[in-house]
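A look at the structure
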Amino acid sequence: MHAITIPQPGGPEALIWAEVPDPALGEGEVLVDVVASAVNRADLLQRQGYYDPPPGASPYPGLECSGRIAAVGPGVSGWAVGDEVCALLAGGGYAEKVAVPAGQLLPVPQGMDLVTAAALPEVTATVWSNVFMIAHLRPGETLLVHGGASGIGTMAVQLAKAVGARVAVTAGGPEKLARCAELGADILIDYREQDFVAEIRKATDGAGADVILDIVGAKYLDRNVKALAVNGRLAVIGLQGGVKGELNLAALLGKRGAITATSLRGRPPGEKAAIVAAVREHVWPLIEAGRVRAVVDRTVRLREAGEGHRVLEAGVHVGKVLLVAE
Ligand SMILES: NC(=O)c1ccc[n+]([C@@H]2O[C@H](COP(=O)([O-])OP(=O)(O)OC[C@H]3O[C@@H](n4cnc5c(N)ncnc54)[C@H](OP(=O)(O)O)[C@@H]3O)[C@@H](O)[C@H]2O)c1
């Protein structure tokens, strides 16, 4: 098969389409003929040499894909050759074939085409596990989503609205905020012009956000705690603003607040399977009912994956950038 390889870490040009051995199919796995994958921020770090795949994972980038099952390994039930699926991966989505633990497969939602389905696994699993399984966002509560126009953000806004929460977003500029509003965001904060702590307080009669989904990390730690409501939960999933911050524990204690931080990629297959099962139970019906949709900015050819990386690095996209195999 062919895959995107990274012979030397570097810029987008470091991604090289090359012939490589087919993946071996293990116990409990299926082999998927990849039709599409998608670019995630983590792929940019892997390309630069800052984010090695977890032990045992494919060396090629790609945390999700859609495609057709080409072979079913020993110990797998419920899936058959030819099934159209999408999958959460620990790596290897930027390839013509990938071996996937069966617990990380999802059917293509009814009414959705196979290519678009590649936009779903990573954002649905990340948002559902953090905002709902860990932070327990409830109807009527306020969720603040940093980076509302990101792949993650566009899914977080829609899912929170679908369960009856109020949603605030930060984004850089009026155009991205307008797209967030189209997806249902109620409170729009341009982080380049406005102080999100002041804005979230103003919009909540001084109470703050019940849950914050954070992709910035250290740079926002202090202000995120300030923006939390009493009994608030801060879920850190990204570290775009650094890894080491100073935490005022008295401020957190005064709010009876909680901070969690998770990375989906490094979780063991059993935990991923539990998240994927919850996504199938709770998120798939919302997608099939047309209440939540995949937000796709554009598609580029898988063999030209560097082009997709340039788009993410430029930050001009809203939602997901898909990579389509021929
Ligand atoms: N922990 C996990 O399991 C997990 C899983 C998936 C993704 N993630 C993380 O989630 C984040 C989003 O991922 P993605 O793939 O959806 O990336 P993406 O589409 O490239 O989004 C990155 C976003 O960051 C926003 N941003 C940058 N600085 C910001 C700031 N100071 N305030 C608010 N927004 C800011 C950008 O918005 P503007 O252009 O408006 O600045 C952009 O929309 C990444 O940090 C990624 O690593 C974590």
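Our subject in this report is the structure included herewith. (Residues numbered from 1 in each chain as written. Predicted model: local features only at pLDDT ≥ 70, side-chain atom pairs only at ≥ 80, totals over all residues. Heavy atoms only, no water.)

1. Things to note about the pattern of salt bridges
Definition in use: Should a side-chain nitrogen of Lys or Arg be within 4 Å of a carboxyl oxygen of Asp or Glu, the pair is scored as a salt bridge. Runs of H or I in DSSP of at least four residues are treated as helices and runs of E of at least two as strands, each being numbered from the N terminus. The buried label goes to any residue with under 20% of its type's maximum accessible area, the exposed label to any with over 50%, and the partly exposed label to all in between, with areas taken from a 1.4 Å probe on protein chains only.
For the coordinates displayed, the defined rule picks out 15 salt bridges. Lysine 97 is paired through a salt bridge with aspartate 33; the nearest N and O atoms lie 3.3 Å apart. One end of the pair, lysine 97, is in strand 6 (residues 97-101); the other, aspartate 33, is in strand 3 (residues 29-38), with 64 residues separating them in the sequence. You can call lysine 97 partly exposed: its relative accessible area is 22%. For aspartate 33, a relative accessible area of 30% translates into the label partly exposed. Of the charged contacts in the structure, one is a salt bridge between glutamate 182 and arginine 179, with a shortest N-O distance of 3.7 Å. Here arginine 179 and glutamate 182 lie together in helix 4 (residues 174-182), a separation of three residues that amounts to about one turn. A relative accessible area of 58% means that glutamate 182 is categorised as exposed. Judged by its relative accessible area of 32%, arginine 179 falls in the partly exposed class.

2. Here we look at the pairing of strand 15 (residues 320-324)
Spelled out, the test is: For two strands to be treated as a pair, DSSP must find at least two bridges joining them. Here the term right-handed applies to a crossover when the path leading from its first strand over the helix to its second strand runs clockwise, the strands being oriented away from the viewer.
Of all five residues in strand 15, four are buried; the element is thus mostly enclosed. As paired strands, strand 3 and strand 15 are joined by three bridges and run antiparallel to one another. Paired with alanine 36 across the two strands is valine 324, which belongs to strand 15. Here five bridges tie strand 14 (residues 296-301) to strand 15, and the two strands are oriented parallel to one another. Across the sheet, residue arginine 301 finds its bridge partner in strand 15, namely valine 324. In this view, the connection linking strand 14 to its parallel neighbour strand 15 by way of helix 10 (residues 305-314) has right-handed handedness.

3. Concerning the pairing of strand 8 (residues 142-146)
In terms of burial, strand 8 is largely enclosed, as five of its five residues are buried. Side chains Thr142, Leu144 and His146 project from strand 8 onto one buried face, and the interleaved Leu143 and Val145 project onto a second face that is buried too. Of the strand pairs in this sheet, strand 8 and strand 9 (residues 166-171) are connected by five bridges, and their pairing is parallel. In the sheet register, valine 145 faces strand 9, and the bridge partner there is valine 169. On the question of chirality, the crossover connecting strand 8 to the parallel strand 9 by way of helix 3 (residues 151-162) is right-handed. Pairing analysis gives three bridges linking strand 8 to strand 11 (residues 209-214), with the strands arranged parallel. Note that in strand 11 the partner of valine 145 across the bridge is leucine 213.

4. Description of the layout of surface pockets
As a reminder, the rule being used: In the cavity and pocket records, a cavity denotes points on a 1 Å grid over the protein atoms alone where a 1.4 Å probe fits but cannot get out, a pocket denotes an open set with protein on both sides within 12 Å along at least 5 of 7 lines, and lining residues are residues with an atom within 4 Å of a point. Grid points are joined across faces, edges and corners, and a volume is the space filled by probe spheres set on the points. When residues are grouped by polarity, Ala, Val, Leu, Ile, Met, Phe, Trp, Tyr, Cys and Pro land in nonpolar, Asp, Glu, Lys and Arg in charged, and all others, Gly among them, in polar.
For the largest pocket, the calculated volume is near 1,300 Å³. As for the largest pocket, its lining consists of 45 residues, of which Arg41, Ile215, Gly238, Leu239 and Gln240 are closest to the centre. Elements that contribute at least two residues to the lining of the largest pocket include exactly helix 1 (41-48), helix 2 (121-134), helix 3, strand 9 and helix 6 (218-227). Top contributing element to the lining of the largest pocket by residue count: helix 2, with five residues. When the residues that make up the lining of the largest pocket are grouped by side-chain class, the tally is 19 nonpolar, 18 polar and eight charged. What lines the second largest pocket is a set of 30 residues, among which Gly56, Ala57, Ser58, Ala90 and Ala99 lie closest to the centre. Listing elements by their share of the lining of the second largest pocket, those giving two or more residues are strand 6 and helix 8 (269-282). Considering every element that reaches the lining of the second largest pocket, the biggest residue donor is strand 6, with five residues. Classifying every residue of the lining of the second largest pocket by side-chain character gives 18 nonpolar, six polar and six charged.

5. Observations regarding the environment of proline 7
Our working rule: Whether two residues are in contact is decided by their heavy atoms, any of which lying within 4.5 Å being enough.
Along the chain, proline 7 falls in the loop between strand 1 (2-5) and strand 2 (16-19). Residue proline 7 is classed as exposed on the basis of its relative accessible area, which comes to 54%. C-alpha of proline 7 to C-alpha of arginine 47: the two residues are 40 residues apart in sequence and 9.5 Å apart in space. Leave out the neighbours within four places in its chain, and proline 7 touches Ala14 and Ile16.

6. Quick word on the site of the ligand
To be explicit about the condition: Throughout, near means a residue has at least one heavy atom within 4 Å of the molecule or strand. Two N or O atoms count as a polar contact when they lie within 3.5 Å, although within protein this holds only if one can serve as hydrogen donor and the other as acceptor, and sequence-adjacent residues are included solely when both atoms are side-chain atoms. Per-residue and other accessible areas follow the Shrake-Rupley method at a 1.4 Å probe size, with only the shown protein chains counted as cover for residues. Any molecule with more than half of its atoms within 2 Å of a cavity's or pocket's grid points is regarded as sitting in that cavity or pocket.
For the ligand, the set of nearby residues contains 26 residues, the closest of which are Gly172, Lys176, Tyr191, Thr262 and His317. The separation between a nitrogen atom of the ligand and a polar main-chain atom of glycine 147 is 3.4 Å. Interatomic distance of 2.7 Å between a backbone N/O atom of threonine 262 and a nitrogen atom of the ligand. In isolation the ligand has 920 Å² of accessible area, and contact with the protein removes 89% of it. In this structure, the ligand is accommodated by the largest pocket. Listing elements by their share of the shell around the ligand, those giving two or more residues are helix 2, helix 3 and strand 9. Its residues placed into classes, the shell around the ligand shows nine nonpolar, 13 polar and four charged.

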